[in-house]
Amino acid sequence: MAIQNGMYHQQPVDELSIQDYRERLPNLRIRPRLRTLCSLATVRRRIHVLHWLPKYQLNHLPSDIIAGVTVTLTAIPQSIAYGILANLQPQDGIYSNLVGCLVYFLFGSVKDVTIAPTSIMAIMIQGVVLQLGYGTALLTLLAGAITLLFGVLNLGILVRFISMPVITGFTTAACLTIGSSQLKSLFGISSPGKSSDFIDAWENVITNIGETRLWDTLLGFCSIGFLVVFKLTSNCGQGNIRTVFKYLSLLRNALIVVIGASLAYAFYVNGVQPFKLTGHVDSGVPPFHIPPFSITNNGTYYSFSDMISTMGTSIIAIPLVSTLEIISIGKAFSRDKIVDATQEMIALGCCNIAVSFVSPLPVAGSFTRTAINNSSGVKTSLGCAVTSVLLLASLALLADAFYYIPKATLASVIISAMLFMVDYRGIADIWRVKKLDMIPFLGTVIASIFLGLDYGILVGIAINCCFLLYLMAVPKITMQPLMIDGVSVLVVKPMQDLAFSSAEYIRERIIRAVMEAYEAPVELLVLDGTGVNFIDTTVTKNLASVEQDMRTRDVGFALWNWSRSAAGALVRLDQGFVRTLANDAELAEVIRSWKESHKKDA
């Protein structure tokens, strides 16, 4: 062993040692992947009903039917409410729910998940609906196609860039925005306002507070009280009493709608109409429409490019949010089973593509209806098919009854759902665990309220990415000066992989540490690569500069415990780095060998 130009030589440079560090590219094996993608087994796996239906057990049928009926009783009022919330016709919400459930029955892999229009989806498209009207169906089609593409390309990894604080902030802001948008219906105010955004909704209510209708307000607040009480008392009592409260809680939305519609009908028969009503709901099978690629709405012509411009970031935000919803809901209710994120993205994409031909309102995983499905004892995705059939039957038989549902009652259904949708415990956990995470949480909330939900989640992701970039640019590095066998050694240990953003920082830290070693000048610099498995070209260049700086100062240089992949990048830059590698020795042995070699050279 010898020291040449300040470098520690553990082994001679030969062709074999250099070849050991050549880069090994991954074997992509495209042909086998394409063959697998087009195979019958893949088709059966992706059309998930072909996987479980042949093995269906008839003793599961009663449970699936009961769950389907129970979910339908909640789905009808919520679907109507979300259709109105999205500035669409009431029946559009039912159409979306009907088709979404039917397609998820074919492709879905989580038995508990129910696909339906949600409050977040409704609030995200309502601005687009005001401009494009039914042309919003194109947005639903594109969102479904993008989600399907994400699934086919297995890009579920994108969801990992949305952290829990961002999710919690987005949900909180959505609840505030959605709840605020229903205040005008709760108070019976006729003015539609500028939009349903948080600020505009409150401005509309405050400006037109004089239009408040007493009977709508009384019905709305009484309905909220009813819904909250039955939600909180779902686990009260014992035995049969507990069962009664449980089902009253499950059916609370349907009960309050029936009560409100009955009151409105009783007044209507007697020639009085104290409440603002939902109005006419079209009956029958959902009409089939190809999503328009150009449209004229309110006298304004929109070409395809104009429609895309109007949709803006919603084209990406809706797939991201809906994917996030369905995967998080699937994980919450799948218990110990692994959720196939790719399959769920494919299922959701197919649902929205199919929905776009009957309704402009996109669908996603519904937490409320999924919880009801789960608690009702559903056994398979057949429960979704039952819900779809019952929704179709309700359009045929009950459409006239929907006319008498008070808007204040539907507003109370949405507002009460928002009260329990806020993740209060999650917010407390963020504050307790890592207060720094309050920054992306609050950033998402504020941006969602003032800029809109689609921009809000992008702002939250951007804040989180800034955190990641900072951590990458300023990696944790330990500097340990040691005196071993009379040799002054500085051991530098990066604690993570190194990328280009951290290259200059590492070099500056090392040179500063060597220059500021006042007690004993550094004789040997040891870079401990135990925690490093990846470095890029910029880092290798800067480490080469560090080696040259050490050579100028007559300081030894050694790479200790570096992995083959990380060391290989350095060797491919400069074959001389092979001489600095000391992977098979303890630090004391490395120092002892360096000391002996140094004495020989001296």
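Further up the page is the structure itself.
Notes on the structure in this doc start here. Just so you know, these numbers come straight off a predicted model, no measurement behind them. (Residues numbered from 1 in each chain as written. Predicted model: local features only at pLDDT ≥ 70, side-chain atom pairs only at ≥ 80, totals over all residues. Heavy atoms only, no water.)

**Digging into the overall build of the chain**
Formally: Here a helix means four or more residues in a row that DSSP labels H or I, a strand means two or more in a row labelled E, and each is numbered from the N terminus. With the radius of gyration taken over C-alpha atoms, the globule rule is written as 2.2 Å times the number of residues to the power 0.38. Working definition: with a 1.4 Å probe on protein chains only, accessible area under 20% of the residue-type maximum means buried, over 50% means exposed, and in between means partly exposed. We call two residues contacting when some pair of their heavy atoms lies within 4.5 Å. Values of accessible area rely on a 1.4 Å probe in the Shrake-Rupley scheme; residue burial ignores everything except the protein chains shown. Only four residue types enter the charge count: Lys and Arg as positive, Asp and Glu as negative, with His and the chain ends excluded. Here the site of a charge means atom NZ of a Lys, CZ of an Arg, CG of an Asp or CD of a Glu.
Counting its regular elements, the chain contains 28 helices and 11 strands. For 602 residues, the compact-globule formula gives about 25 Å, and the C-alpha radius of gyration of the chain, at 32 Å, lies well above that figure. Sorting the 602 residues of the chain into buried and exposed places 52% on the buried side. Here the analysis covers contacts within the chain between residues at least 6 apart in sequence; of these, 80% occur between residues at least 24 apart. Looking at the chain as shown, the accessible area adds up to about 28200 Å², and 62% of this sits on carbon and sulfur atoms. Positive and negative charge centroids in the chain, built from 45 and 41 side chains respectively, lie 8 Å apart.

**Regarding the nonpolar core**
Inclusion rule: The definition of a nonpolar core used throughout is a set of buried Ala, Val, Leu, Ile, Met, Phe, Trp, Tyr and Cys residues joined through side-chain atoms within 4.5 Å.
Of all hydrophobic cores here, the largest spans 98 residues; its most connected members are Tyr-104, Ile-115, Ile-120, Met-124, Ile-125, Ile-178 and Met-311. Setting aside anything within four residues of it in sequence, one finds Met-311 in contact with Val-128, Leu-132, Gly-135, Leu-138, Leu-139 and Leu-142. Counting 30 residues, the second largest nonpolar core, distinct from the first, contains Ile-477, Ile-506, Val-514 and Val-546.

**Examining helix H26 (residues 537-552)**
Rules: Here the expected length of a helix is defined as 1.5 Å per residue gap, with one fewer gap than residues. Distance and chemistry together define a polar contact, namely a pair of N or O atoms within 3.5 Å, with one atom able to donate a hydrogen and the other to accept it when in protein, and with adjacent residues in sequence counting only for side-chain atoms on both sides.
With 16 residues, H26 extends 23 Å between its outermost C-alpha atoms, agreeing within 8% with the 22 Å of an ideal straight helix rising 1.5 Å per residue. Regarding H26, its N-cap is Asp-536, as a side-chain oxygen of that residue lies 3.3 Å from the backbone nitrogen of Thr-538 further along. Backbone geometry just after H26 places Asp-554 at a positive phi near 60°.

**Let's talk about unusual backbone geometry**
Backbone geometry places Asn-87, a non-glycine residue, at a positive phi of 65°. Summarising the element assignment, Asn-87 is placed in the loop between helix H5 (61-85) and helix H6 (90-107). The phi dihedral of Asn-298 falls on the positive side, at around 55°, and the residue is not glycine. Tracing the backbone through its elements, the reader meets Asn-298 in the loop between strand S4 (295-297) and strand S5 (300-302).

**Brief notes about the packing of H6 against helix H17 (residues 341-355)**
Put simply, the test is: All axes here are fitted lines through C-alpha atoms, helices being fitted over the stretch that makes contact, and every angle between N-to-C directions spans 0 to 180 degrees. Rotating anticlockwise by less than a right angle from the far helix to the near helix defines a left-handed crossing, while the corresponding clockwise rotation defines a right-handed one. For this scheme, ten residues count as nonpolar: Ala, Val, Leu, Ile, Met, Phe, Trp, Tyr, Cys and Pro. Four count as charged, namely Asp, Glu, Lys and Arg, and the remainder, Gly too, count as polar.
For the pair H6 and H17, interaxial distance at closest approach is 8 Å and the crossing angle is 145°. The hand of the H6/H17 crossing is right-handed. Residue-level inspection shows Ser-96, Val-99, Gly-100, Val-103, Tyr-104 and Phe-107 of H6 in contact with H17, the latter providing Gln-343, Glu-344, Ala-347, Cys-350, Cys-351, Ala-354 and Val-355. Each residue belonging to the contact of H6 with H17 can be placed in one class, and the counts come to nine nonpolar, three polar and one charged.

**Quick word on the packing of aromatic side chains**
Here is the rule: Note on aromatic contacts: the rings of Phe and Tyr and the six-membered ring of Trp form a pair at centre separations within 6.5 Å, being stacked when their planes are under 30 degrees apart, edge-to-face when over 60 apart, and tilted otherwise.
One pass over the structure, following the stated rule, counts 12 aromatic pairs. Here the aromatic rings of Trp-52 and Phe-105 are separated by 5.9 Å at their centres, their planes lie at 80°, and the arrangement is edge-to-face. Separated by 53 residues along the polypeptide, Trp-52 in helix H4 (residues 49-52) and Phe-105 in helix H6 bring together distant segments of the chain. Summarising the burial analysis for this pair, Trp-52 and Phe-105 share the class buried. Ring centres of Tyr-265 and Tyr-404 lie 5.1 Å apart, and the angle between their planes is 80°; this geometry places the pair in the edge-to-face category. Taken together, the residues span a long stretch of sequence, with Tyr-265 in helix H14 (residues 252-269) and Tyr-404 in the loop between helix H20 (399-402) and helix H21 (407-421) at a distance of 139 residues. Taking relative accessible area as the criterion, Tyr-404 reaches 17% and is therefore assigned buried.

**Regarding the state of the cysteines**
Counted only if it meets this: The disulfide criterion is simple: two cysteine sulfur atoms within 2.5 Å.
Within this structure, the stated rule accounts for zero disulfides. Distance from the sulfur of Cys-350, which forms no disulfide, to the nearest cysteine sulfur (Cys-351) is 7.2 Å. Here Cys-384 stays unpaired: no disulfide links it, and the sulfur of Cys-101, its closest cysteine neighbor, is 4.7 Å away.

**Considering the packing of H5 against helix H19 (residues 382-397)**
Rule in force here: Angle categories: roughly parallel below 35 degrees, roughly antiparallel above 145, roughly perpendicular from 65 to 115, and oblique for all the rest.
The interhelical angle for the contact between H5 and H19, taken along N-to-C directions, is 45°, at an axis separation of 8 Å. On the basis of the axis angle, H5 is oblique to H19. The two elements H5 and H19 cross, and the hand of that crossing is right-handed. Residues Leu-61, Asp-64, Ile-65, Gly-68, Val-69, Val-71, Thr-72, Ala-75 and Ile-76 of H5 lie in contact with H19, whose contacting residues are Leu-382, Gly-383, Val-386, Thr-387, Leu-390, Leu-391 and Ser-394.

**Things to note about the side chain of Thr-147**
The residue Thr-147 is located in helix H8 (residues 136-152) in this model. According to the relative accessible area criterion, Thr-147 is buried, its value standing at 0%. Those residues within four positions of Thr-147 in sequence are excluded, and the remaining contacts are Pro-319, Ser-322, Thr-323, Met-345, Leu-348 and Gly-349.

**A short note on the pattern of salt bridges**
Our working definition: The salt bridge criterion pairs a side-chain nitrogen of Lys or Arg with a carboxyl oxygen of Asp or Glu, the two atoms within 4 Å.
With the rule as written, the count across this model stands at six salt bridges. For Asp-549, the salt bridge is made with Arg-507, and the minimal N-O distance between the two is 3.3 Å. Of this pair, Asp-549 sits in helix H26 while Arg-507 sits in helix H25 (residues 503-515), placing them 42 residues apart in sequence.

**Here we look at the layout of surface pockets**
For clarity, the threshold we go by: Lining residues are those with an atom within 4 Å of a point, where the points come from a 1 Å grid over the protein atoms alone and group into cavities, where a 1.4 Å probe fits but cannot get out, or pockets, open sets with protein on both sides within 12 Å along at least five of seven lines. Grid points are joined across faces, edges and corners, and a volume is the space filled by probe spheres set on the points.
Estimates place the volume of the largest pocket at around 1300 Å³. Lining the largest pocket we find 46 residues, and of these Ile-329, Phe-367, Thr-368, Phe-420 and Met-421 sit closest to its centre. Of the residues belonging to the lining of the largest pocket, the class tally is 22 nonpolar, 17 polar and seven charged.

**Describing the side chain of Asp-549**
Classification of Asp-549 as buried rests on a relative accessible area of 15%. For Asp-549, the residues in contact, after removing those within four places along its chain, are Arg-507 and Ile-511.

**Side note on a nonpolar patch on the surface**
Let me state the cut-off plainly: Like-charged residues are merged into a patch within 9 Å and nonpolar side chains (Val, Leu, Ile, Met, Phe, Trp, Tyr) within 5 Å, provided each residue has over 30% relative accessible area and no salt bridge.
A surface patch of nonpolar side chains, about 680 Å² in accessible area, is lined by Ile-199, Leu-442, Ile-446, Phe-450, Leu-451, Tyr-455 and Leu-458. Of all elements in the fold, only helix H23 (438-451) and helix H24 (453-473) reach the threshold of two or more residues within the nonpolar patch. Per element, the largest residue contribution to the nonpolar patch is four residues, and it comes from H23. Tracing the backbone through its elements, the reader meets Ile-446 in helix H23.

**Thoughts on the environment of Ile-115**
One can find Ile-115 in strand S3 (residues 115-116). Owing to a relative accessible area of 0%, Ile-115 belongs among the buried residues under this scheme. Residues Ile-115 and Phe-367, 252 residues apart in the sequence, show an inter-C-alpha distance of 9.3 Å. Setting aside residues no more than four positions away along its own chain, Ile-115 makes contact with Asn-97, Gly-100, Cys-101, Tyr-104, Ile-326, Leu-348, Cys-351, Val-363, Ala-364 and Gly-365.

Everything listed here is a matter of coordinates, which is why it stays silent on function.
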